[in-house]
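Residues per chain, in single letters:
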Amino acid sequence: MYQYFVIRYMKNTHIFFLAVATVCVFMVQSSAFSQTNVSLKVVGAKDRQPLEGVTVSVMPSGQSFSTNPLGKCFLRLSSNEKNIILSSIGYETKSIDMASLKDFDYTVALLPRTIELAAITVPARAGDQYKAISKTDIEMRGVNNSQEVLRIIPGVVIGQHQGGGKAEQIFLRGFDCDHGTDFREDVDGLPINMPSHAHGQGYADSHFIIPETISGVDFRKGLYLANKGDFATTGSVDYHIKDFLPGNLVKLEGGMFNTFRALGMFNLLSHQTMEEKQESWYVASEYRYSDAYFDNPQHFTRLNLFTKYNGKIAPNNYLTLSAATFWSKWNASGQIPERAVTEHIIGFYGALDPLEGGLTYRTNANAQLLTSLNNGDIIKNQLYYSNYHFDLHTDFTFYLVDTVNGDEIRQREARDLVGYNGSYNHSGYLGNIKSNTEAGVNVRIDATHNSELSHTKDRFITLAHIKLGDIAETNIAPYISQTFDLNKHFSINAGLRYDEFYHKYNNKQATDSTLNGAGTYKASAGTLSPKLSFYYHVRDGLQFYLTTGRGFHSNDTRAVVVENGNQILPAAYGADLGTVFKPVKNVIVSAAVWYIYLQQEFVYGGDGGSVEFSGPTKRYGFDFSGRYEPLKSLFFDLDVNYAHARATGVPKGEGYVPLAPVWTSSAGLTYLAKKGFNGSLRYRYISDRPANESNTLTAVGYFVTDAVINYTKPKYEIGLAINNIFNTKWKETQFDTVTRLKSEAAPVDEICFTPGTPFAAKLSLAINF
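Residues numbered from 1 in each chain as written. Predicted model: local features only at pLDDT ≥ 70, side-chain atom pairs only at ≥ 80, totals over all residues. Heavy atoms only, no water.

### Thoughts on the environment of Gly-155
- Along the chain, Gly-155 turns up in the loop between α4 (146–152) and β8 (157–159).
- With a relative accessible area of 13%, Gly-155 lands in the buried category.
- When the C-alpha positions of Gly-155 and Gly-174 are compared, they lie 9.8 Å apart, and in sequence the two are 19 residues distant. (Helix = DSSP H or I, 4+ residues; strand = E, 2+ residues; numbered from the N terminus. Buried < 20%, exposed > 50% of the residue type's maximum accessible area, 1.4 Å probe, protein only.)

### Let's talk about the side chain of Arg-558
- With respect to the helices, strands and loops of the structure, Arg-558 is situated in helix α7 (residues 557–560).
- From its side chain, Arg-558 meets the backbone oxygen of His-197 in a polar contact 3.1 Å long. (Polar contact = N/O pair within 3.5 Å; in protein donor to acceptor, adjacent residues only side chain to side chain.)

### Examining unusual backbone geometry
- In this structure, Pro-60 follows Met-59 across a cis peptide bond, with omega equal to 10°.
- Tracing the backbone shows Pro-60 in the loop between β2 (55–59) and β3 (63–66).
- The phi dihedral of His-344 falls on the positive side, at around 60°, and the residue is not glycine.
- By the element assignment, His-344 lies in the loop between α6 (338–342) and β23 (357–372).
- A positive phi angle, near 55°, is found at Asn-727, a position not held by glycine.
- With respect to the helices and strands, the residue Asn-727 is situated in the loop between β42 (716–723) and β43 (731–739).

### Quick look at the confidence of the model for the protein chain
- Of the residues in the protein chain, 92% have a pLDDT of 70 or more, and the chain-wide mean is 89.
- Of all the helices and strands in the protein chain, helix α2 (residues 14–29) carries the lowest mean pLDDT, 42, while strand β12 (residues 190–191) carries the highest, 98.
- Counted against residues more than four places away or in other chains, residues 1–35, with its pLDDT under 50, gives 57 contacts. (pLDDT = per-residue confidence, 0-100. Contact = heavy atoms within 4.5 Å.)

### A word on the sheet that holds strand β44 (residues 748–755)
- Taking strand neighbours across the sheet as the criterion, the 3 strands line up as β22-β44-β43 in an open arrangement whose pairing is antiparallel. Of all the strands in the sheet, the pair left with one neighbour each is β22 (336–337) and β43.
- Bridging between β22 and β44 involves 2 bridges; their strand directions are antiparallel. Across the sheet, residue Ile-336 finds its bridge partner in β44, namely Phe-753. (Pairing = 2+ DSSP bridges.)

### Some words on the sheet that holds β2
- Read across the open sheet, the 4 strands follow the order β3-β2-β5-β6; overall the sheet is antiparallel. Pairing within the sheet leaves two strands with one partner each, and these edge strands are β3 and β6 (94–97). Between one strand axis and the next, the sheet turns through 20° on average, direction left out of account.
- Inspection of the sheet shows β2 paired to strand β5 (residues 83–87) by 5 bridges, in the antiparallel sense. When the sheet's bridge partners are listed, Thr-55 is paired in β5 with Ser-87. (Axes fitted to C-alpha atoms, helices over the stretch in contact; angles between N-to-C directions.)

### Description of the packing of aromatic side chains
- The full count for this structure, using the stated rule, is 19 aromatic pairs.
- On the numbers, 5.1 Å between centres and 85° between planes, the contact of Phe-348 with Tyr-349 is edge-to-face.
- Under the relative-accessibility criterion, Tyr-349 is labelled buried at 16%.
- Judged by centre distance (5.8 Å) and plane angle (75°), the rings of Phe-622 and Trp-663 are edge-to-face. A residue pair is termed long-range when its members are at least 10 positions apart, and Phe-622 in strand β35 (residues 617–631) and Trp-663 in strand β37 (residues 663–671) qualify at 41 residues.
- For Trp-663, a relative accessible area of 37% puts it in the partly exposed group.
- One aromatic cluster is present, built from ring pairs that chain together Phe-257, Tyr-293, Phe-294, Phe-348, Tyr-349 and Phe-753.
- Cation over ring: Arg-689 sits above Phe-171, and NZ or CZ is 5.1 Å from the ring centre.
- Across the ring face of Phe-753, the terminal group of Lys-731 is positioned such that the distance to the ring centre comes to 4.7 Å. (Phe/Tyr/Trp six-rings, centres within 6.5 Å; stacked < 30°, edge-to-face > 60°. Lys NZ or Arg CZ within 6 Å of the ring centre and 35° of its normal.)

### Overview of the pattern of salt bridges
- Using the criterion set out here, one finds 33 salt bridges in the structure.
- One salt bridge in this structure joins Lys-228 and Asp-238, with 2.7 Å as the shortest N-O distance. Here Lys-228 is found in the loop between β15 (214–221) and β16 (235–241), whereas its partner Asp-238 is found in strand β16, with 10 residues between them in sequence. Note on accessibility: Lys-228 and Asp-238 belong to one class, buried.
- Among the salt bridges present, the one from Lys-508 reaches Asp-470, with a minimum N-O distance of 3.2 Å. With Lys-508 in the loop between β28 (490–507) and β29 (519–539) and Asp-470 in strand β27 (residues 461–485), this pair connects stretches of sequence that are 38 residues apart.
- The exposure class assigned to Lys-508 is partly exposed, which follows from its relative accessible area of 36%.
- Where salt bridges share partners, they join Glu-212, Lys-251, Glu-253, Arg-261, Glu-286, Arg-288 and Lys-762 into one cluster. (Salt bridge = Lys/Arg side-chain N within 4 Å of Asp/Glu carboxyl O.)

### Observations regarding the pairing of strand β38 (residues 676–686)
- Both β37 and β38 contribute to a ladder of 8 bridges, which runs antiparallel. Each residue of the ladder has a partner; that of Gly-668, found in β38, is Arg-682.
- Hairpin connection from β37 to β38: 4 residues lie between these consecutive antiparallel strands.
- Alignment of β38 against strand β41 (residues 702–713), held across 11 bridges, turns out to be antiparallel. Paired with Arg-682 across the strands is Asp-706, a residue of β41.

### Remarks on the nonpolar core
- Core analysis: the biggest nonpolar cluster contains 60 residues, and Leu-150, Phe-183, Val-187, Ile-209, Val-237 and Tyr-239 have the highest contact counts within it.
- Per-element accounting of this core gives the leading share, 5 residues, to strand β32 (residues 587–598).
- Discounting chain neighbours no more than four positions away, the residues touching Val-237 are Leu-150, Ile-153, Phe-183, Arg-184, Glu-185, Asp-186, Val-217, Asp-218 and Phe-219.
- Val-38, Leu-40, Val-58 and Leu-77 belong to the second-largest nonpolar core, a separate cluster that totals 18 residues. (Core = buried A, V, L, I, M, F, W, Y, C linked by side-chain atoms within 4.5 Å.)

The following block contains the structure:
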């Protein structure tokens, strides 16, 4: 019944959204600032850099605002207002007496401080329900690598089955998102996911991000943002990279299994130049090497180089330029059948095909221009470009198909990606109703060259091409998002997005069984995605929200052209009902129940080159996150998540969704101190879950505990990180796979797995100057 209501509700709201869009156009054309408006700019007291996302509360009316990317906020004040309260996680709260505001333009500097839950407020603004948790976690736990950032997102489980070289497998809200099919990742507006990738749709390799450059992470669950389209079925994450460095950093790490890492981060402009000219420029680089814990040494090597410039180039124009290059090469142990271990053919960390592995590299260029208008409106223009290469050698089935040469495959591609993001953000009033309008467009063009799936031997001997061709895919998506703060308690957000996809596949493989010979195949499709959300701020420390929306699940170009563009953008419908509250000053809780319905889809299997049909599915569950500070600088965090995932329209007992997580949880105890000892003890857990549709095979869960301890001084930090401190033997990724070993006469259907890390210790030394 609930499923029927959600779908009917979303299908019949298009007229409403068109009406909202018309109102938004009128609002953009008519600014409503009066003579009582005040322009407020918030900066950091030490670096004088603008602070985005600072909560600005006006008392006693209780109006709530937020600073924009330039640190600015425009307030409409009445004569009975007494003071303004500024608060931001990681900074001291500041109160400003209204009598001191004598100028229209007013700049406030906030002093940094150690995080305290008592100082964190529950945001009153629409769409900020995850802000308190996400900012608390990034300040409290920090990041050791870009994958750890994903683990910060409550409910996200990640798995690596190539030892660190490939993108992680992602699980969230009852979805096996593979390497990013239904979970979107961006870094400073540049997309990470790759459509129509050689290994799988939405492949998202974030290893080009140097973790120490990350300043913040914005995550959203569900498909409720108008500015997010492709891949954002279960949610999305935006990595924000530092605009400047507080100082230079050199860091060395070394640990078990011949693990080594060197990092350098250096300012190229002086602090005086940064403050006087409001510009910064720095460079960062890292080198990693590890043989890892597998019997077959991984010889994993990665090199990252990154640079970023940020500056005020005109009174109202701010330019950000960044460039990055990334290179990685590795061997892998792959996925091994359980019987190979139980029959003592190989050990738990062994390999059946030591020739698995890969090579990948990516270069990015990103330019963003922010323009601030006199009335406080913000215009954003962004251009980005990526050149990407991928070459992967895997062997999933061993001698199932080719009993002589084996079933080794090679997946590779070369890609050029170019895109544009543009938006106009206007804040104003309709009478006494505060409003915010964002209108924008996303354009993305991908072109691959010789996307290949081949049957190979000894990595580079091609026995047969299975797929070979060039892919061209274009996505154009205008959107609009409108928020009304009807009063200090109640706000509403309505959004509308339209995505149009153009696909072209130049098939170079005449024997491709899914197509009618070599040649060029084209298809196109479009979809409309309305969103509607309600927020009720009961009082300080208590908010309820209901978010609803329609999205879509995109498909690989090679699957799209097979279906000639028919039903290749199946709809996804979702709803969240949740709350954020502080029962006492040192506790913050976020909880929600949710529902997602996904229509049928056509799936391109990158490992086999086939196009498979998957019917509709429905998922529901709940998320719970709690943060508690029992003593000053001592924090406890707990996340518990449940998901029920089933295919619909199938016989009872045959509708399980393979590998869909059921129960997941993570928790930790963290002690933070600016000087001296600090550290954390954490666990991550996933329960047993079905490995196939009939639940006759089980992917066994795990409970793994990690620890970090640091000794910190202003000029240096010494650290010890231990993964799996109890040396638990666990399986990081698992799959139901039919395989045949070289000595076997018949194939066997069972679990194949990649083992998780055993006890692994790593020392680090960081020097600040």
